[in-house]
Amino acid sequence: MDESRRMKLEDILASKGLSINYQSGGEAPNCMVDREIKKEPTTRAKKLRDIYYNTLSTTDMEFPYWYNRKWKELDGEVTIVRRAIALKEAFSHLTPNIIPGEKLVMQKTYNYRGSFPMPWLSEGFFVANQSELKESPSESADELSEFGQGGGNVTKSFGNVVSIAGKFGMRKEEIPVLLKIANEWVGKSVEDLGRKYEKMVPDYEVKENIMKSLVCMFDSGFTLPQGREVINYYYPLQYGFDGLIKMAKECKDDVAGKADGDGIIGMDRLYFYEAVIHIIEGIQNWILNYAKHARELEKKSNDQIQRKEYAQIAECLEWIAHKQPRNFREALQLTYTLHIAVLNEDAISGLSIGRLGQILYPWYEQDIKAGIITKEEVLELMELYRIKITAIDCFASTGVVGGVLSGNTFNNLTIGGLTRKGQSATNDLEMLIVEAGMTCETPQPTLSVLYDEKLPEKFLLKCVECDKTGAGYPAWMNNRGAIEFLMNQYAEEGMTIEEARSVAIGGCLETSPCTWKELVLNGKKYEIPGGAGHPTSVGVHFVANPKILELVLMNGKDHRTGIQVLNPHNKKLETYEELFDAFKAYYEKSVDVLAKTNNVQHDIWRKQNMSVVNSFLKPDCLSTGQHIGNLGYRYNATFNVESCGTVTMVNSLAGFKKVVYDDKKYTIEEMKDAILNNFGFKKADEIGSYSLSDQQKEDMSGKYDDIYGMCLIAPKYGNADSYVDDILREYEEWFCEMCRGVESLYGKPMYACQISVSTHGAQGGATLATPDGRLAGTTYADGSMSAYPGTDKNGPYALFESATVWDHSTSQNSQMNLKIHPSALKGVQGTKNLLDLTRAYMRKGGFHIQYNIVDSKILKVAQEKPEEYRDLMVRVAGFTQYWCEIGKPIQDEVIARTEYEGV
């Protein structure tokens, strides 16, 4: 092949005097520029983080074995009690493992970075090759999803280790146990029962076609049924586990045999309280097993310092297994233990920590004042906490963990916001939490600032300084916008302005309803916030907007798979209005069938696999005696419709409107032909790059050059251009209203949720070329308000103008990523400039903005030599992840994002 046939798009455009310029506001220095702010963790934290760096994602069968064994023994028992006792058995048999140097202990499994499968939830992934469960819609997502080859990902089997889902390693000798247990759940798991009954939904075949063509990324009922929510630590922090058992026993005595006017679920209260007692006893056993192990290590150690530390660990655990924490370290250990306990009862991503600095402040204030602890010691504990949270893995399929999560599990920690009375809620402990995020950079917990005009300048500048480390956090959320959203969505469930001020971020950036609870410590009263709502980002998971538009152009047929996904509309698409109406009709049809089938799946989940731990922690389950599935939580209107690829879709509609309908340069059939032939270019997977500029020409005849050039120069979102921004406004107003017409299984209106996570890679891989000039197989624009790489030509303030032409409070998320070169933010003035930039967007009504402060040249080198950049982190879309653990499509997209050389 001659050289001309290998020409990249970037070269072709340059030869015509055009360019794809991924820089804005100047040119970056020729040399690589590192991040300005670099700090080091304490010696202890550095050693433990190094252990993490050298640890692989490991899955084992200990927890599933004991759970499954006890479950079978209890055949015939009331389901929630049966489940609680099975969980108790599993917790009680988890082998403790304490790493020398740890002060915070315990993890999901024996392994430092461990997880485990839950066949009772979903077993088809393991037995697909030997069972009769045939087609799994997740297969399309799996085949187009990938992990990075470095870090802790076990992408290939080696030695005695088998790679599962392209990420986790399991020892060969455990595989028979996995398959035996998985086969025992065939036909009984949430997945199988959900499949059985969702097939009764009219147009189920349409749903299957939607999943196979990757119009929708995955089902939520049996993949990640919980998460994207805020946990609540209040009850154990206030009463201790012994106090909660006493409370549950008293409640059980009070409700036994009574319906109290509720003839449907009134009697269920007895079984719930019985389940709570069992599960708390299991958690106590788990904690005390670790305490016993610490005592054994204390006896064996010859190092006096280490012996003392083991003794301190044991004393801490022995106390919190029963009573309210006495000091900051005990309170921190208890909140971490509770977090892991919830994660072990279900497949969960996005179980967010909430406003931890405000929750733990009572113990911090007490200990600092009494001289029990120093700020330096608190900082070290928060560094250790970051490492422990980062070690959390979520076991799921490749399509979910790779194509959506990129290996992250979104344990978000919220800072800032307001008190119940409307004053700044930030405190000294939150300053230390931010400092720990700088000294000990890890992907988790990611930090999110609830920006409010009342927050102190010192705190805001500290957060910006943290951004300048390049770690990708904190992200910035508009507190007033979040409050407006909560007031609108949860008004019918009694949401008040004071209650709305307790808001925290669930998952990567979901606005999650919370509540205030009064905590008493040594006679002093505090109001602390905590989660009070169902999981968010459940319902319809990631509808690919550009893919819907593609189906409109192709009369309902998916060209990649050959499937007729939706019934032919048979419209000639002679006007833009007809095109957009067809788009809306296909979208509504897709959402309708997806919502109904997912409602069935979640209904099976709440009946067969209900939460016990998360339920007793959150208001108002203990007071009502009902678990999450019986509407025990205070706020239940959390289900939504998630979309991906908004900006790629908007730019594509603008391309259609400009080239076909307004200028009438080409017909709709000619546009269709060009798209089917990828405008004369190879497909992305053929050349191994998913960035637009790297795409290579295949058809050198020039047949599609003119139409492609027009698509490229058609108006693009992000430039304060009303031609395309009006399209965004019209779409958003329709989409947000349409979603509220969809009903969840809890009888509540659903709402719009706009976020990409990593789906813009996998779903972009399944999408043909688009009329904005994007080529087949390349990623979509990330987030929902981020500009497509290289198309925002007029600077960030013009981007802000485009992004805020609609009301962000009508949607749960409106996600924007910006990439800024480190040289643009040098010194104190650079810090202030970034805060001013953030303020400007918040004041215009933007809900979310996050930053990658990095030189793209470093990312390119790190892509070639991942082993030399083990600790390099980037912001993807709502979360931070190690560069070497991210798949190439997302890496290419991050590299290609417009890099601002000045702000």
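Residues numbered from 1 in each chain as written. Predicted model: local features only at pLDDT ≥ 70, side-chain atom pairs only at ≥ 80, totals over all residues. Heavy atoms only, no water.

Trainee: Give me the lowdown on the overall build of the chain, citing residues and values where you can.
Mentor: Counting its regular elements, the chain contains 35 helices and 22 strands. Radius of gyration (C-alpha) of the chain: 27 Å, near the 29 Å computed for a compact globule of 903 residues. Along the three orthogonal principal directions, the C-alpha set of the chain runs to about 80 × 60 × 60 Å. Summarising the internal contacts of the chain: among those between residues at least 6 apart in sequence, 78% fall at separations of at least 24. (Helix = DSSP H or I, 4+ residues; strand = E, 2+ residues; numbered from the N terminus. Rg over C-alpha atoms; globule rule 2.2 N^0.38 Å. Contact = heavy atoms within 4.5 Å.)

Trainee: Tell me about the packing of helix H9 (residues 204–212) against helix H23 (residues 576–608), and please be specific about residues and values.
Mentor: Following both chains from N to C, one finds H9 and H23 inclined at 100°, their axes separated by 9 Å at the closest point. Between H9 and H23, the angle falls in the class roughly perpendicular. Listed contacts from H23 to Tyr204, Val206, Lys207, Ile210 and Met211 of H9 are Ser590, Val593, Leu594, Thr597 and Gln601. Among the residues making up the contact of H9 with H23, the classes are represented as six nonpolar, three polar and one charged. (Axes fitted to C-alpha atoms, helices over the stretch in contact; angles between N-to-C directions. Parallel < 35°, antiparallel > 145°, perpendicular 65-115°, else oblique. Nonpolar A, V, L, I, M, F, W, Y, C, P; charged D, E, K, R; others polar.)

Trainee: Which residues make up the sheet that holds strand E15 (residues 539–544), and what values do they have?
Mentor: The three strands lie next to each other as E15-E16-E17, forming an open sheet whose pairing is parallel. This sheet does not close on itself; its edge strands, each paired only once, are E15 and strand E17 (751–754). Each neighbouring strand pair of the sheet contributes to a mean axis angle of 25°, computed without reference to strand direction. Sheet topology note: the E15/strand E16 (residues 640–644) ladder contains four bridges and is parallel. What sits directly across from Ala544, in E16, is Cys644. In the packing of helix H22 (residues 545–553) onto the sheet, contacts are made with E15 and E16, and the angle to E15 comes to roughly 65°. (Pairing = 2+ DSSP bridges.)

Trainee: I'd love a proper account of the packing of helix H4 (residues 79–92) against helix H11 (residues 268–300), names of residues and values included.
Mentor: Where H4 contacts H11, the axes come no closer than 8 Å and their chain directions differ by 5°. Comparing the axis directions of H4 and H11 gives the class roughly parallel. Mapping the contact onto sequence places Ile80, Val81, Ala84, Ile85, Leu87, Lys88, Phe91 and Ser92 in H4 and Tyr271, Phe272, Glu274, Ala275, His278, Ile279, Glu281, Gly282, Asn285, Trp286 and Asn289 in H11. Residue classes in the contact of H4 with H11 are distributed as eleven nonpolar, five polar and three charged.

Trainee: Residues and numbers for the side chain of His808, please.
Mentor: Tracing the backbone shows His808 in the loop between helix H32 (796–803) and strand E18 (817–820). Given the relative accessible area of 4%, His808 is considered buried. Dropping the residues within four chain positions of it, His808 is found in contact with Met785, Ala803, Ser814, Tyr841, Gly845, Gly846 and Phe847. (Buried < 20%, exposed > 50% of the residue type's maximum accessible area, 1.4 Å probe, protein only.)

Trainee: Go over the pairing of strand E4 (residues 161–164), please, and point to the residues and values.
Mentor: Relative to strand E5 (residues 168–171), E4 runs antiparallel, the two sharing four bridges. Along E5, the bridge assignment pairs Ile164 with Phe168. Between E4 and E5, which follow one another and run antiparallel, lie three residues, and Ala165 among them has a positive phi close to 60°.

Trainee: Tell me about the side chain of Asn411, and name the residues and values.
Mentor: Secondary-structure assignment places Asn411 in the loop between helix H17 (398–405) and strand E8 (413–416). In terms of polar contacts, Asn411 uses its side chain to reach the side chain of His339, at 2.9 Å. Every residue in contact with Asn411, bar those within four places of it in the chain, is listed here: His339, Leu343, Leu351, Ser352, Ile353, Ile389, Ile392, Gln444, Pro445 and Thr446. (Polar contact = N/O pair within 3.5 Å; in protein donor to acceptor, adjacent residues only side chain to side chain.)

Trainee: Describe the pattern of salt bridges, and please don't skip the residues or the numbers.
Mentor: Any two side chains of opposite charge can pair, given that their charged atoms come close. As enumerated under the stated definition, the model contains 49 salt bridges in all. With its nearest N and O atoms 2.6 Å apart, the salt bridge here joins Asp558 to Lys547. Pair noted here: Asp558 is in the loop between H22 and H23 and Lys547 is in helix H22, with a separation of eleven residues, a long-range link. Take Lys547: its relative accessible area is 1%, and that puts it in the buried class. The shortest N-O distance in the salt bridge between Asp620 and Arg634 comes to 2.7 Å. A residue pair is termed long-range when its members are at least 10 positions apart, and Asp620 in the loop between helix H24 (613–617) and helix H25 (621–624) and Arg634 in the loop between H25 and E16 qualify at 14 residues. (Salt bridge = Lys/Arg side-chain N within 4 Å of Asp/Glu carboxyl O.)

Trainee: Describe helix H35 (residues 888–896), and please don't skip the residues or the numbers.
Mentor: Turn by turn, an α-helix covers 3.6 residues, leaving residues three or four places apart pointing in a common direction. Of all nine residues making up H35, eight are buried, and the element is well covered by its neighbours. Turning to H35, its buried residues number three or more, namely Pro889, Ile890, Gln891, Asp892, Glu893, Val894, Ile895 and Ala896. Here the buried face of H35 lies against helix H31 (759–765), E18, strand E19 (848–853), helix H34 (856–864) and strand E20 (873–875).

Trainee: How would you sum up the nonpolar core? Please name residues and give values.
Mentor: Ranked by size, the top nonpolar core spans 237 residues in total, and within it Phe328, Tyr385, Trp476, Phe616 and Phe679 carry the most contacts. Element by element, the count of residues in this core is highest for H11, at 14 residues. Every residue in contact with Phe679, bar those within four places of it in the chain, is listed here: Met671, Ala674, Lys697, Tyr704, Ile707, Tyr708, Cys711, Ala769, Thr770 and Leu775. Grouped together as the second largest cluster of nonpolar side chains are 45 residues, Leu214, Phe410, Val503 and Ala862 included. (Core = buried A, V, L, I, M, F, W, Y, C linked by side-chain atoms within 4.5 Å.)

Trainee: Give a detailed account of unusual backbone geometry, specifying residues and quantitative values.
Mentor: Residue Gln444 is joined to Pro445 through a cis peptide bond whose omega torsion reads -10°. Summarising the element assignment, Pro445 is placed in the loop between helix H18 (428–439) and strand E9 (447–451). Across the junction of Pro619 and Asp620, the peptide omega takes the value 10°, indicating a cis bond. Although it is not a glycine, Phe542 sits at a positive phi angle of roughly 65°. Its place among the elements puts Phe542 in strand E15. Here the phi dihedral of Leu631 falls at roughly 60°; this positive angle occurs in a residue that is not glycine. Overall, Leu631 belongs to the partly exposed group, its relative accessible area being 38%.

Trainee: Hey, could you go over H22 for me, with residue numbers and the actual values?
Mentor: By the criterion of burial, H22 is predominantly enclosed, with nine of the nine residues buried. Those residues of H22 that sit buried are Asn545, Pro546, Lys547, Ile548, Leu549, Glu550, Leu551, Val552 and Leu553. Looking at the residues trailing H22, positive phi occurs at Asn555, about 60°.

Trainee: I'd like to hear about the packing of aromatic side chains, residue by residue, with values.
Mentor: For the coordinates displayed, the defined rule picks out 38 aromatic pairs. Note on Tyr234 and Tyr239: the rings are 6.2 Å apart at their centroids and 85° apart in plane angle, and the pair reads as edge-to-face. What makes Tyr234 buried here is its relative accessible area of 6%. Residue class for Tyr239 comes out partly exposed when judged on its relative accessible area of 39%. A ring pair is formed by Phe681 and Tyr708, whose centres lie 5.5 Å apart and whose planes are at 55°; its orientation type is tilted. Residue Phe681 is located in the loop between helix H27 (668–676) and helix H28 (684–687), and its partner Tyr708 is located in helix H29 (residues 705–713); the two are separated by 27 residues in the primary sequence. Residues Phe681 and Tyr708 agree in their burial class; the two are buried. Through a chain of ring-to-ring contacts, the aromatic side chains of Tyr576, Phe580, Phe583, Tyr587, Tyr661, Tyr731, Trp734 and Phe735 assemble into a single cluster. (Phe/Tyr/Trp six-rings, centres within 6.5 Å; stacked < 30°, edge-to-face > 60°.)

Trainee: So what's going on with the confidence of the model for the chain? Residues and values would help.
Mentor: Residues at a pLDDT of 70 or more form 92% of the chain, whose mean pLDDT is 90. Counting interchain partners and residues more than four positions distant, the pLDDT-below-50 stretch residues 1–5 has six contacts. (pLDDT = per-residue confidence, 0-100.)

Trainee: Quick rundown of the environment of Asp772? Include the residues and the values.
Mentor: Examined against the element boundaries, Asp772 turns out to sit in the loop between H31 and H32. It is 16 Å that separates the C-alpha atoms of Asp772 and Asp726, two residues lying 46 residues apart in sequence. Asp772 has contacts with Thr648, Asn651, Ser652, Cys711, Leu712 and Lys716, leaving out every residue within four places of it along the chain. In this structure the side chain of Asp772 is engaged in a polar contact, spanning 2.5 Å, whose partner is the side chain of Thr770. Engagement of the side chain of Asp772 in a polar contact is seen with the backbone nitrogen of Arg774, the distance being 3.2 Å.

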